[in-house]
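Take a look at the letters that make up each chain.
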Amino acid sequence: MRDSKPTSAFHSDNITPSATDTLVGVLDMQAASAGVRRLRDWAQLGVASGPGERAVDIGSGTGAVTRVLAEAVAPDGEAIGVEPNPGLRSVAEQRAADAGSPARFVDGDALALPFVDSEVDVVWCERVFQHLAEPEKAAAEIARILRPGGRVALLDTDWATTIMHPGDPEVVAALADGAIAAAANPYAGRKLAGQLAAAGLEIEDLGSQALIQDPRKVTWPLVKMLGETAVRRELITKEQRDALYADLSAAAEQGALHMSVTMFGVIARRPV
């Protein structure tokens, strides 16, 4: 089920230790984002995990959310993180052990979850669908494993909402187009509710949060990756790339930079 695994090299089965470290750093940075924290808090209230329940975190990464779910379902419940990346699973297991958390982690595929029908009370799935070529199958898997009355929080980014300022609008658009072209499912955020509804789940709430970068700092790894890709694809020239980098640097020095993307969330329930 290769399609269920993220297309990013960071999530590859052949991931190197250095790439794992880089990905962990990115995930930790995202988890510290005020926007991510706000959307997660909203989603946690929406699924309302409780003692004795079984919760599953699909694409659990470093296990940050899995540990929160484990605390919510304690003392008699169970929280399981499903993560195909062995490097991330190892980090998640170590962090859970260090925190004294009973959260556990298993290898698994979003298109073929390692659970029988109707055995899960709560499913959490964050920023996974954007990596899937067949997200509808993952939505059907979520519906399959949920018990009647079970809830799901599905959160994901819509990369068409990317904003970068300042810069030549045509150059900025070329970078955004490159990011969209490289993603398996770049418009994931806008499709979540429809995919869960098509899987037979009832939509209970919708939410969104703009993830806004610090106006004093350019996220150079991301910007340069997009810029170099745009040059290689001959969408922009090297001169246009360099001018954009200069514009962003100058704006950051003045605290006038704006970089953002919007993440969307859906809370749904399997009918009783």
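Remember, predicted model here, so these are calculated numbers, not experimental data.

Engineer: Mind showing me how you'd approach the confidence of the model for the protein here?
Structural biologist: Interpreting fine coordinate detail is not advised for predicted regions of low pLDDT. On average, the protein scores 92 in pLDDT, and the residues at 70 or more come to 94%. Contacts for the low-pLDDT stretch residues 1-14, under 50 throughout, to residues beyond four places or in other chains number 32 contacts.

Engineer: Hey, could you run me through the sheet that holds strand β2 (residues 78-82) in this one?
Structural biologist: Judged by pairing direction, the sheet is mixed, and its seven strands sit side by side in the order β3-β2-β1-β4-β5-β7-β6 without closing on themselves. Each edge of the sheet is formed by a strand with only one pairing partner; in this case those strands are β3 (104-106) and β6 (202-212). Averaged over neighbouring strand pairs, the angle between their axes works out to 20° when direction is ignored. Alignment of strand β4 (residues 120-126) against strand β5 (residues 146-165), held across six bridges, turns out to be parallel. If you follow V120 over to β5, its bridge partner there is L146. Here helix α2 (residues 34-47) sits on the sheet and contacts β4, β5, β6 and β7 (258-269); the angle it forms with β6, its principal contact strand, is near 165°.

Engineer: Please clarify how the packing of aromatic side chains should be interpreted in this entry.
Structural biologist: Following the criterion strictly, the structure yields one aromatic pair and no others. When the ring of W220 is compared with that of Y245, the centres are 5.4 Å apart and the planes differ by 80°; the resulting orientation is edge-to-face. Pair noted here: W220 is in helix α8 (residues 220-232) and Y245 is in helix α9 (residues 238-253), with a separation of 25 residues, a long-range link. Taking the relative accessible area as the measure of exposure, W220 reaches 26% and is therefore partly exposed.

Engineer: Can you help me understand the nonpolar core in this one?
Structural biologist: For soluble globular proteins, the rule of thumb is that nonpolar side chains tend to be buried together. One finds F129 and I142 to be the most contacted residues of the largest nonpolar core, which totals 29 residues. Of all the elements in the fold, those that place two or more residues in this core are β1 (54-58), β2, β4, α5 (135-145), β5, α7 (188-198) and β7. For F129, the residues in contact, after removing those within four places along its chain, are P135, A138, A139, I142, L154, D156, N185, A188, L192 and Q195.

Engineer: Would you take a moment to explain α8 for this structure?
Structural biologist: Because each turn of an α-helix spans 3.6 residues, side chains separated by three or four positions end up pointing in the same direction. Between its first and last C-alpha, α8 extends 18 Å over 13 residues, near the 18 Å set by a 1.5 Å rise per residue. Of the residues making up α8, those classed as buried are V223, L226, G227, T229, A230 and V231. Structurally, α8 contributes buried residues whose contacts are with β5, α6 (169-182), α9 and β7. In the segment just after α8, E234 is the residue with positive phi, at about 60°.

Engineer: How do you make sense of α5 when you look at a structure like this?
Structural biologist: Looking only at α5, the buried set comprises P135, A138, A139, E141, I142, A143 and I145. Lining the buried residues of α5 we find β1, β4, β5 and α7.

Engineer: Explain the packing of α8 against α9 to me, please; I cannot follow it from the model alone.
Structural biologist: When two helices pack together, their arrangement is given by the angle between the helix axes and by the axis-to-axis distance. Between α8 and α9, whose axes approach to 9 Å, the crossing angle comes to 160°. As the angle between them shows, α8 and α9 are arranged roughly antiparallel. In terms of crossing hand, the pair formed by α8 and α9 is right-handed. Between α8, through W220, V223, K224, G227, E228 and V231, and α9, the contact on the second element is made entirely by K238, R241, Y245, L248 and S249.

The rules behind each value
Throughout, residues of each chain are indexed from 1 in the direction in which the sequence is written. The model is predicted, so local features are restricted to residues of pLDDT at least 70 and side-chain atom pairs to those at 80 or more, both for listing and for counting; the totals for chains, interfaces and linings are taken over all residues. Think of the side-chain values as coming from all heavy atoms in the structure, minus any hydrogens and water. How sure the predictor is of each residue is captured by pLDDT, a score from 0 to 100. Note on contacts: a residue pair qualifies if any of its non-hydrogen atoms lie within 4.5 Å across the two residues. In short, DSSP must find at least two bridges between two strands for them to pair. The helix count covers DSSP runs of H or I at least four residues long, the strand count covers runs of E at least two residues long, and both are numbered beginning at the N terminus. Axes here mean lines fitted to C-alpha atoms, for a helix over just the part in contact, with angles spanning 0 to 180 degrees between N-to-C directions. Working definition: rings of Phe, Tyr and Trp (its six-membered ring) pair if their centres are within 6.5 Å, and the pair is stacked with planes under 30 degrees apart, edge-to-face with planes over 60 apart, and tilted otherwise. Throughout, exposure labels follow a simple rule: accessible area from a 1.4 Å probe, protein chains only, divided by the maximum for the residue type, with under 20% read as buried, over 50% as exposed, and the rest as partly exposed. The set of buried Ala, Val, Leu, Ile, Met, Phe, Trp, Tyr and Cys residues whose side-chain atoms join them within 4.5 Å is what this entry labels a nonpolar core. Helix span, expected: 1.5 Å multiplied by one less than the number of residues in the helix. Working definition: roughly parallel below 35 degrees, roughly antiparallel above 145 degrees, roughly perpendicular at 65 to 115 degrees, and oblique for all remaining angles. Each crossing is labelled by how the near helix is turned from the far one, with a counterclockwise turn of less than a right angle marking it left-handed and a clockwise turn marking it right-handed.

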